[in-house]
Amino acid sequence: MDKVIIVRYSEIHLKGKNRGYFERVFGINMEKSLKGIKHEIRRRSGRYLVECFDENQTDLILEKLNKVFGIHSMSVALKVPTQMNGIFEAAKAVCSESGSFKVDTHRADKSFRLNSMEISAEIGGRLLSVNKNIKVDVHNPQFIINIDVREDGTSLVFNKFFKGAGGMPVGTSGKGLLLLSGGIDSPVAGHMIAKRGMNIECIHFHSYPYTNLQARDKVIELAKVLSGYTCGTKLHIVSVTHIQEEIHKNCNGEYMVTLLRRFMMRIAEKIAAKCGAQCIITGESLGQVASQTIEGMTSSNSVIKNLPVLRPLCGFDKDEIIERSRSIGAFEISIQPYEDCCTVFLPKHPVIKPAIEAVLAEEAKLNVDGLVEEAIKTLEILNI
């Protein structure tokens, strides 16, 4: 008998005539996630089998696949030829030593001489005859032995389902550019949008030398966390030091954050056009900080000409965001005490509800186009 991993996909089965495209992308993403691990992946009528791997790497493979969006569930199974003695030996191998159980059989191969109920009854009876510490309970069993009789002459026997990441395969919903700061929120926002199938590239704004190189390294680490879910990403790094200095020199300090956000959006839209991104993604949560009021968001949005801005965390409170940050493995990196560019020249009392007329009046004191172009010249791109 051979150990295999059964992979069942999530929403792909709803895609009708386009299902083949989603399955292809899904298969490619699984292959990318298992790069460097000896294995083979085969598609089997609505599911995939990972085979021919070193059994010592089973947990590592499950860990890698658990970050692949589109997976509904997984099971570690024993694959045997479809004959009752082999199925029984596999069932005995996965059976618990004690407790109540039932056998649940799915028979895709209708030519097999026994139907599903007959297979379950015979295998259950054989298990009871060799283990006096187990008993049958078909209504509330402590464990279930699953038997999947396939059309290709093999059967899969397993006893556990592992929940997958869900969602849609990354790459099936276009591309977005994520404003990645160094905080808790933006990696969570990127993860949520990637779960809906969007390919993610990241842009980070820094204010070196006012911010240090550890802040940059922190963002690179966060991009690496995201790349584990997105099959790789690119990190666009842009300096806005000169912009902040000009705002500080020429404008009312209370508008520093509002004006800087508008510059970030302008720069992000230009970078998005260069990399083929179809939207901008931010980690903003309504009312969380001064720049994230509806007036602040309106001010930021007003400089975007052609792209939608997605804010997947808009209705989340901080505790919910922190919980998600922990679950994706980003939280401990995000809370490292290295400041991002938004803390530079931060006023004591930033404007909370900026009136657009006042914002435009302050912005008129600056050479906006020149500052944006100067920022883009500092662009550095890292493949993560």
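Residues numbered from 1 in each chain as written. Predicted model: local features only at pLDDT ≥ 70, side-chain atom pairs only at ≥ 80, totals over all residues. Heavy atoms only, no water.

1. So, the pattern of salt bridges
Thinking step 1. Scanning the entire structure with this criterion turns up 24 salt bridges.
Thinking step 2. Here Arg 42 and Glu 40 are joined by a salt bridge, their closest N and O atoms 2.3 Å apart.
Thinking step 3. Judged by relative accessible area, which is 29%, Arg 42 ranks as partly exposed.
Thinking step 4. Given a relative accessible area of 34%, Glu 40 falls into the partly exposed group.
Thinking step 5. As a salt-bridge pair, Arg 261 and Glu 284 come within 3.4 Å of each other at their nearest N and O atoms. With Arg 261 in helix α8 (residues 256-275) and Glu 284 in the loop between β13 (280-281) and α9 (294-301), the pair connects residues that are 23 residues apart, well separated along the chain. (Salt bridge = Lys/Arg side-chain N within 4 Å of Asp/Glu carboxyl O. Buried < 20%, exposed > 50% of the residue type's maximum accessible area, 1.4 Å probe, protein only. Helix = DSSP H or I, 4+ residues; strand = E, 2+ residues; numbered from the N terminus.)

2. Comments concerning the packing of aromatic side chains
Given two aromatic rings, their pairing is described by the distance between the two centres and the angle made by the two planes.
Thinking step 1. Following the criterion strictly, the structure yields seven aromatic pairs and no others.
Thinking step 2. Geometrically, the ring pair formed by Tyr 9 and Tyr 48 is edge-to-face, given 6.4 Å between the ring centres and 65° between the ring planes. You can see Tyr 9 sitting in strand β1 (residues 2-9) and its partner Tyr 48 sitting in strand β3 (residues 47-51), a full 39 residues away along the chain. One exposure class covers both Tyr 9 and Tyr 48, and it is buried. (Phe/Tyr/Trp six-rings, centres within 6.5 Å; stacked < 30°, edge-to-face > 60°.)

3. Observations concerning the sheet that holds strand β12 (residues 234-239)
Thinking step 1. One open sheet holds the six strands; their spatial order is β14-β13-β10-β11-β12-β15, and the pairing between them is mixed. Pairing within the sheet leaves two strands with one partner each, and these edge strands are β14 (309-310) and β15 (380-383).
Thinking step 2. The sheet contact formed by β12 and β15 spans four bridges and is antiparallel. Note on β15: the bridge partner recorded for Ile 237 is Glu 380. (Pairing = 2+ DSSP bridges.)

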